[in-house]
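Descriptive structure summary
The lines below spell out each chain.
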Amino acid sequence: MKSWTHVDRIVAPSVLAADFSRLGEECSRAIAGGADWLHLDVMDGHFVDNISFGPAVVEAIHTTNDIFLDVHLMISRPDHYIPRFLKAGADLLSVHVEPEAKHDITDSLATIRAAGCKAGLAFNPSTPLEAVLPYLDQIDLLLVMTVVPGFGGQEFMPEVMPKVKEAVRLREERGLTFHIEVDGGLDPQTAPTAAAAGANVFVAGSSTFKAPDIGEAIRAIREA
Ligand code: DX5
Ligand code: ZN
């Protein structure tokens, strides 16, 4: 079910943690387990020191599943690739604010929205909230990295929570409605901390796909 805001706490399993030799079955398993969205981590080996997958994989997942695809572009020059990910069937495209991403952020966000896709802006643990403030009225989702991007299975960084709290305050103050997504190290133990800070979209890779029962893991994060 492709839905944007049908629940108050959205759980988005990250397929980076899935068994890539059975990606189709893994997506079906996450959906059967109650995933609200699927989080697709695109890495280019330049913006982050890892390479994952590109538009062809996003398209394969899009054509074989009916679920909201939250595509996280950890790439430089996302503007060059946005059209391909739109064509591939992304429902949300998040781009990074850091200068190393080398794009015009307002242009990228506008291009994404003009195509009818939701637009997200992501920023790393070491990037101050001030970096994203000029764009808050141009986004549908703020992606707050709670690990250094590039790999799954890292420890949640609670020191990032003040940025979530301040983003919630500014969202209210400015009358905006963007989702606040936390991404990295989320599990039933860390989800309450992120929820208390005000996040409402929870990306979870290792804690869902590597759990004995993905449905139980998703429920535990949603109810934590
Ligand atoms: C890291 C990615 C995250 C990661 C989450 O660069 O953006 O989405 O896959 O995986 P876990 O939940 O294992 O930290
Ligand atoms: Zn991600």
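Anyway, here's the lowdown on the structure attached to this text. Per-chain numbering applies: the sequence of each chain, read as written, is numbered from 1 onward. Both sets of labels track the order of writing: A upward for chains, 1 upward for ligands. Given that this is a predicted model, residues contribute local features only at a pLDDT of at least 70 and side-chain atom pairs are listed and counted only at 80 or more, while totals for whole chains, interfaces and linings are drawn from all residues. As a rule here, side-chain values come from all non-hydrogen atoms in the structure, and water together with hydrogens is ignored.

1. Concerning the overall build of the protein
Helix and strand content of the protein: eight helices and eight strands. A radius of gyration in this sense is built from C-alpha atoms; the matching globule rule multiplies 2.2 Å by the number of residues raised to 0.38. Relative to the 2.2 N^0.38 estimate, which gives 17 Å for 224 residues, the radius of gyration of the protein is 16 Å and therefore close to what a compact globule would have. On the principal axes, the C-alpha backbone points of the protein span a range of 40 × 35 × 30 Å. Each residue gets one of three labels from its accessible area relative to the maximum for its type: buried under 20%, exposed over 50%, partly exposed in between, using a 1.4 Å probe on protein chains only. When the 224 residues of the protein are sorted by exposure, 55% land in the buried category. Contact definition: two residues touch when any of their heavy atoms are within 4.5 Å. Long-range pairs, those at least 24 residues apart, make up 67% of the contacts in the protein between residues at least 6 apart in sequence. For every accessible area listed, the method is Shrake-Rupley and the probe measures 1.4 Å; residues are considered covered only by the protein chains on display. Within the structure as shown, the protein displays about 9,300 Å² of accessible surface, and the carbon and sulfur contribution to it stands at 53%. We count Lys and Arg on the positive side and Asp and Glu on the negative side, and we leave His and both chain ends out. The atom standing in for a charge is NZ when the residue is Lys, CZ when it is Arg, CG when it is Asp and CD when it is Glu. Of the side-chain charges in the protein, 18 are positive and 31 negative, and the distance between the mean point of each set is 2 Å. For the purposes of this entry, the term helix denotes a DSSP run of H or I that reaches at least four residues, the term strand denotes a run of E that reaches at least two, and both are numbered from the N terminus.

2. So, the coordination of the zinc ion (ligand 2)
Summarising the metal site, the zinc ion (ligand 2) is bound by the protein donors H39 (NE2), D41 (OD), H72 (ND1) and D183 (OD), whose distances to it range over 2.1 to 2.3 Å. A 2.8 Å cut-off from the metal defines N, O and S donors, relaxed to 3.2 Å for Na, K and Ca; water is not in the atom list, so some sites may appear incomplete. Metal sites are grouped by the angles between bound donors: all angles between 85 and 135 degrees with four donors is tetrahedral, opposite donors over 155 degrees apart with the others between 65 and 115 is square planar for four donors and octahedral for six, and any other pattern is irregular. Considering all six donor atoms around the zinc ion (ligand 2), the spread of angles at the metal, 73 to 177°, places the coordination shape in the octahedral class. When the donor residues of the zinc ion (ligand 2) are listed from N- to C-terminus, their spacing reads H-x1-D-x30-H-x110-D. Here H39, found in strand 2 (residues 37-43), pairs with D183, found in strand 7 (residues 179-183); they are 144 residues apart in sequence, far enough to count as distant. Judged by relative accessible area, H39 falls into the buried class, the value being 0%. Note on D183: relative accessible area 6%, which makes it buried.

3. Here's the deal with the site of ligand 1
Here a residue is considered near a molecule or strand provided that any single heavy atom belonging to it is located within 4 Å of it. The local shell around ligand 1 holds 20 residues, among which D41, G150, D183, G205 and S206 are the closest. Pairing of N or O atoms within 3.5 Å defines a polar contact, subject to two protein rules: one partner must be a possible hydrogen donor and the other a possible acceptor, and residues neighboring in sequence count only if both atoms are side-chain atoms. At 2.7 Å, a backbone N or O of G205 approaches an oxygen atom of ligand 1. Under a 2 Å grid-point criterion requiring more than half of the atoms, the pocket assigned to ligand 1 is the largest pocket. The set of elements that each furnish at least two residues to the shell around ligand 1 consists of strand 2, strand 3 (68-74) and strand 8 (201-204). Of the residues forming the shell around ligand 1, the biggest block, three residues, is contributed by strand 2. Only protein atoms enter the 1 Å grid, on which a cavity is a set of points fitting a 1.4 Å probe that cannot get out and a pocket is an open set with protein on both sides within 12 Å along at least 5 of 7 lines, lining residues being those with an atom within 4 Å of a point. Just a note on the criterion: a molecule sits in a pocket or cavity if more than half of its atoms are within 2 Å of the grid points.

4. Quick notes on the pattern of salt bridges
For this analysis, a salt bridge means a side-chain nitrogen from Lys or Arg found within 4 Å of a carboxyl oxygen belonging to Asp or Glu. Applying the stated criterion across every chain, the model contains eleven salt bridges. Between R113 and D140 there is a salt bridge whose closest N-O contact spans 2.9 Å. Within this pair, whereas R113 is found in helix 4 (residues 105-114), its partner D140 is found in the loop between strand 5 (118-123) and strand 6 (141-145), the two being separated by 27 residues in sequence. On the accessibility criterion, D140 (14% relative accessible area) is buried. Here R219 makes a salt bridge to E216, at a shortest N to O gap of 3.4 Å. One end of the pair, R219, and the other, E216, are both in helix 8 (residues 214-223), three residues apart, so they sit about a helical turn from each other. Among the residues examined, R219 registers a relative accessible area of 39% and is labelled partly exposed. The class for E216 is partly exposed, based on a relative accessible area of 42%.

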